[in-house]
Amino acid sequence: MAAAVAVTLLFMNGAKLGLTPAYMAPGYETRLFDPSRVHTVDLVLEDWEGFLDTAAEEEYQSCTIVIDGERFSNVGLRVKGNNSRRLTEEYGLDRYSLKVEFDHYTYGSYYGLDKFSLDSSFQDNSYMKTWITYDMMEYMGVPAPLCSYAWVTVNGQPWGLFLAVEEPEEAFVKRNYGRDHGQLYKPDYRSLNDENADVHLRYTDDDFDSYDNIFRHAKFDPTDEDKKRLIEALKILSEGGNLEEAVNVDQVLRYFTVQVFVVNLDSYLGKTGHNYFLYEEDGILSILPWDYNLAFATYSLGMPDPVNDSTLYVNYPINTPASGEIMKKRPLYHNLMKNDAYYAQYHAYFDELIAGYFESGYFENFVSETRELIAPWVEKDPTAFCSYDDFLLGVDTITEFCLLRAESVRGQLEGSIPSTIAAQAEDRSSFVDASSVWLPDLGEIADLKD
């Protein structure tokens, strides 16, 4: 009885004693998401061709999945992606990114994991855009999805090297915020031609329907009280005063440090204003990272008149990372930057990132070790979007881009390079020369034609 009481007290007070609860150190963290090796994932479906034929429907089908030799039955599997899915299909390919949901049909999980995705590295010849960005986010203390490389087979036959990524849902928030977590949303628009003020996190009024692009993408059913809290937080954010009453300022500044560094134009700071998760707890908002296959200035690739000015993007301004028209509609960045203390802290975090992640040599070692880890698998990838030589060139390109970008950011912090769009328009003479970088080498739509 005494032992039972002791165990109960330990369970109830474990956090106070410095012990990590099991749900904040789940088993899947050290299994599938062990980043030191390439894992194996076998998808077992009776009609794989039928599954591919219905990819556009993005509907779940039941399958068996075998992860590193462990079998899990009746798991939900579907194709994921928007433009990536459409373009993959348009060019007659079938290397889709996939979602795997363990609790879609049952209450099962993979050592506590409810859902993960298999990223196909669409428009990413380096196979590393997402891998590097999430590592940078983790380095800066931003809650980010776990990820690892996985060799995917279908019914035992090789399908390719994918990146396994933890999907932000129940397991993710428990791991990062505990069992009594808040609400999680993935704001997204119905049409890019709409105003989409809610996706941009702008307050308009107190009507729940005005924030449909947020609430219909809730990961957990929000109550009316949840909705009122979020709207009140957006109101405080839009007014621009007392921001700490509505925003996890430190976390948001750390997020934007990485977000701006990787020049992700298909994001909250881009024209679309989406591709992020929004976490709300007790009326405080945090922004979480998601979707980086078009980062490192590759969002414009494949457009009718692509912009491949690598020198422009390597020197992309850290203080106004979008036009004034966009900035004024992105209060989570714009209103924080109007506060002198937050602005200074943002610069301090850039200094921390550049000094610790890049100037220390950590980044180059990280990329080198990753290349050594995955190169044999890329070389034999039967569905790869690029050749093995293209992969090697992609790795060299993303490495050079990041190192030159770090050099430019250092110059912007020290004042030797202009750090705003307006100042850069007047004088580019001090820019870091990035003419040796050819952005399409990171991956573009043209690769799909080969």
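Residues numbered from 1 in each chain as written. Predicted model: local features only at pLDDT ≥ 70, side-chain atom pairs only at ≥ 80, totals over all residues. Heavy atoms only, no water.

**A few points about the overall build of the chain**
Scanning the chain from N- to C-terminus turns up 15 helices and ten strands. At 22 Å, the chain has a C-alpha radius of gyration in line with the 22 Å of a compact globule built from 450 residues. Once the C-alpha set of the chain is aligned to its principal axes, its extents read approximately 65 × 55 × 45 Å. Here the chain holds 450 residues, and the buried ones make up 55% of them. For the chain, the proportion of contacts with a sequence separation of at least 24, taken over those separated by at least 6, is 72%. As displayed, the chain offers around 19,100 Å² of accessible surface, 48% of which is attributable to carbon and sulfur atoms. (Helix = DSSP H or I, 4+ residues; strand = E, 2+ residues; numbered from the N terminus. Rg over C-alpha atoms; globule rule 2.2 N^0.38 Å. Buried < 20%, exposed > 50% of the residue type's maximum accessible area, 1.4 Å probe, protein only. Contact = heavy atoms within 4.5 Å. Areas by Shrake-Rupley, 256 points an atom, 1.4 Å probe, with all protein chains shown as cover.)

**Thoughts on the nonpolar core**
If you look at the biggest cluster of nonpolar residues, it comprises 103 residues, and the most contacted ones within it are Ile132, Phe261, Leu336 and Phe358. In this structure Phe358 touches Met136, Phe261, Leu353, Phe363, Cys402, Leu403 and Ala406, once residues within four positions along its chain are discounted. Judged by nonpolar contacts, the second largest core, of 33 residues, contains Val41, Phe102, Leu146 and Ala171. (Core = buried A, V, L, I, M, F, W, Y, C linked by side-chain atoms within 4.5 Å.)

**Description of the packing of aromatic side chains**
Taken as a whole, this structure holds 36 aromatic pairs when the rule is applied. An angle of 85° between the planes, with centres 5.3 Å apart, marks the rings of Trp48 and Trp159 as edge-to-face. Here Trp159 lies in strand E7 (residues 157-166) and Trp48 lies in helix H2 (residues 48-53), a separation of 111 residues in the sequence. When sorted by exposure, Trp48 lands in the same class as Trp159, which is buried. Each ring, one from Phe261 and one from Phe358, has its centre 4.8 Å from the other, and the planes form 25°; the classification is stacked. Of the two residues, Phe261 sits in helix H8 (residues 249-261) while Phe358 sits in helix H12 (residues 340-358), which places them 97 residues apart along the sequence. Classification of Phe358 by relative accessible area gives buried; the value is 4%. By way of ring pairs, the aromatic residues Trp131, Tyr139, Tyr149, Phe261, Tyr357, Phe358, Tyr362, Phe363 and Phe366 are connected into one cluster. Seen from the ring of Phe385, Arg95 lies directly overhead, with NZ or CZ sitting 5.6 Å from the centre. (Phe/Tyr/Trp six-rings, centres within 6.5 Å; stacked < 30°, edge-to-face > 60°. Lys NZ or Arg CZ within 6 Å of the ring centre and 35° of its normal.)

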